[in-house]
Structures are given as C-alpha cells and as structure tokens.
Amino acid sequence: CSIYEIGETVDGRPFIAMALYDGHTVRELLSEGPLSHDDVRSIVMQTAKGLQAAHEQGLVHRDIKPENLFVTNKGVVKILDFGIAHVGDEQTITNTGSVLGTVNYMSPEQARGEAVDKRSDLWALGVVTYELLAGRAPFSADYAQATLYLILNEDPPALPTDIPDDLTRLVQNCLQKDP
C-alpha cells in the first residue's frame, strides 16, 4: 500500500499513515469460494512485487496473511498492515525481543523467535499461496503451540493433484524449513 508517513504522535505513540482503498481482502475473496489459478497467479505475483519493493527499502513485513492482502476493485493487490514490520538491521516499529506475527503464517525462524529477513515474508507468501490453492492453511491445529510444532517439524500436506506444476513448485520452494 502507499505509506505516506511513519512517525510518532505528540504523546509518543508510533503510527503509519496509509492510503484507503476500495475492494476486498484476500480472506474475503477466499470466503466466496475457490479462485481460478490465473487469479491466484495474479495475486501472488503482485504480492511478490510489493514485497520486493518493501524489501528493497529494508522493510520486512512479518505478518503476510490473507487479511493483510487487499485486492482493489481494479484488481490491484495492496499489502496492508505494516504494524509489526521490521525496518533495517536494528529499528523495529513495534516491540522487540518477542515473537510477532500470526501463528499459521510464521516462518520456522520467526516461530523460534530468531531474527527474520525477507525470506520470512516469502515463507508467509507460500502459506498464503497454499491456502489459495487448497482452501486451507498448510499448518493448522487446534492450539497455537500445536501449529508451531507443525511449522517446525512437519511438511505441508500435498496440494490437490489438479494444481499446475508451476504453482506447486512455487509453494514447495517458499515452504522450505531452512531459509
């Protein structure tokens, strides 16, 4: 998304001023039923280009998920909610020294509370891509700790057999345990 300003309020609270868009989150689109493979490719490619632009500026999102990907009414994907983003080598927009993000989309290194970089965003994009193709997240359990165990120790279930090879390879490459 377009970020107009990152700063602090007069009382010391951090803020990010972003654009307002008309459209739907990817989560909302998923709730309406399966997307075509072409729609999945478009969402994933646009998200990857957006992440590339953020990464070139030293920004790691750390919370890529369907709720934070927005498709405008013109079909343009916007990455939202940079609230827990990490900037550069040292500065963190929110807090430091803790595990931040949404459990189902955390990379293994993020789940362990280790340093993250752009590869963690690519892992999360792989999880979103899997979900777009399979209709469910690859790592999900009844409890957060059980989901973390799956992320750290298990391979994702195989995608349905009707998924094109290029999309299957993309998911497999993104969901490598070793960054």
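First, a word on what this report is: a plain description of the structure on this page. (Residues numbered from 1 in each chain as written. Predicted model: local features only at pLDDT ≥ 70, side-chain atom pairs only at ≥ 80, totals over all residues. Heavy atoms only, no water.)

1. Topic: the packing of helix α2 (residues 37-56) against helix α4 (residues 118-134)
Across the interface, α2 lies against α4 with an axial gap of 11 Å and an inter-helix angle of 170°. Viewed along their axes, α2 and α4 adopt a mutual orientation that is roughly antiparallel. Once α2 is placed against α4, the crossing between them reads as right-handed. Residues H37, V40, I43, V44, T47, A48, L51 and H55 of α2 lie in contact with α4, whose contacting residues are K118, D121, L125, T129, L132 and L133. Of the residues assigned to the contact of α2 with α4, the class counts are 8 nonpolar, 4 polar and 2 charged. (Axes fitted to C-alpha atoms, helices over the stretch in contact; angles between N-to-C directions. Helix = DSSP H or I, 4+ residues; strand = E, 2+ residues; numbered from the N terminus. Parallel < 35°, antiparallel > 145°, perpendicular 65-115°, else oblique. Left-handed = near helix turned anticlockwise from the far one by under 90°. Contact = heavy atoms within 4.5 Å. Nonpolar A, V, L, I, M, F, W, Y, C, P; charged D, E, K, R; others polar.)

2. Some words on a nonpolar patch on the surface
Taken together, I3, I6 and M18 make up a surface patch of nonpolar side chains, about 230 Å² in accessible area. Within the fold, I6 resides in strand β1 (residues 3-8). (Patch = residues over 30% accessible without salt bridge, like charges linked within 9 Å, V, L, I, M, F, W, Y side chains within 5 Å. Areas by Shrake-Rupley, 256 points an atom, 1.4 Å probe, with all protein chains shown as cover. Salt bridge = Lys/Arg side-chain N within 4 Å of Asp/Glu carboxyl O.)

3. Overview of the pairing of β1
Pairing analysis gives 5 bridges linking β1 to strand β2 (residues 14-18), with the strands arranged antiparallel. Bridge pairing links I6 to I16 in β2. If you look at the hairpin formed by β1 and β2, you'll find 5 residues sitting between the two strands, and G12 has a positive phi there, around 90°. (Pairing = 2+ DSSP bridges.)

4. So, the sheet that holds strand β6 (residues 77-79)
Taking strand neighbours across the sheet as the criterion, the 3 strands line up as β3-β5-β6 in an open arrangement whose pairing is antiparallel. Each edge of the open sheet is held by one strand with a lone partner, namely β3 (23-25) and β6. Neighbour to neighbour, the strand axes of the sheet diverge by 25° on average, direction disregarded. Where β3 meets strand β5 (residues 69-72), 3 bridges bridge the pair, whose relative direction is antiparallel. Looking at β5, one finds that T25 is bridged to F70.

5. What about the packing of aromatic side chains?
All told, the structure shown has 2 aromatic pairs when counted by the stated rule. With centroids separated by 5.7 Å and ring planes inclined at 15°, the aromatic side chains of W123 and F139 adopt a geometry described as stacked. Of the two residues, W123 sits in helix α4 while F139 sits in the loop between α4 and α5 (144-153), which places them 16 residues apart along the sequence. Judged by its relative accessible area of 2%, W123 falls in the buried class. According to the relative accessible area criterion, F139 is buried, its value standing at 1%. (Phe/Tyr/Trp six-rings, centres within 6.5 Å; stacked < 30°, edge-to-face > 60°. Buried < 20%, exposed > 50% of the residue type's maximum accessible area, 1.4 Å probe, protein only.)

6. Quick word on the pattern of salt bridges
Per the stated rule, a full pass over the model turns up 8 salt bridges. The residue D63 makes a salt bridge to K65 at a minimum N-O spacing of 3.5 Å. Pair check on accessibility: D63 and K65 agree, each one buried. Where D117 meets R119, a salt bridge forms, and the shortest distance between an N and an O atom there is 2.6 Å. If you follow the salt bridges from partner to partner, you end up with R27, E67 and E131 in one network.

7. Regarding the packing of α4 against helix α6 (residues 165-174)
It is the contact of α4 with α6, at a shortest axis distance of 8 Å, that shows an interaxial angle of 140°. In this structure, α4 meets α6 at a crossing whose hand is left-handed. Seen from α4, the contacting residues are L122, W123, G126, T129, Y130 and L133; seen from α6, they are L167, L170, V171 and C174.

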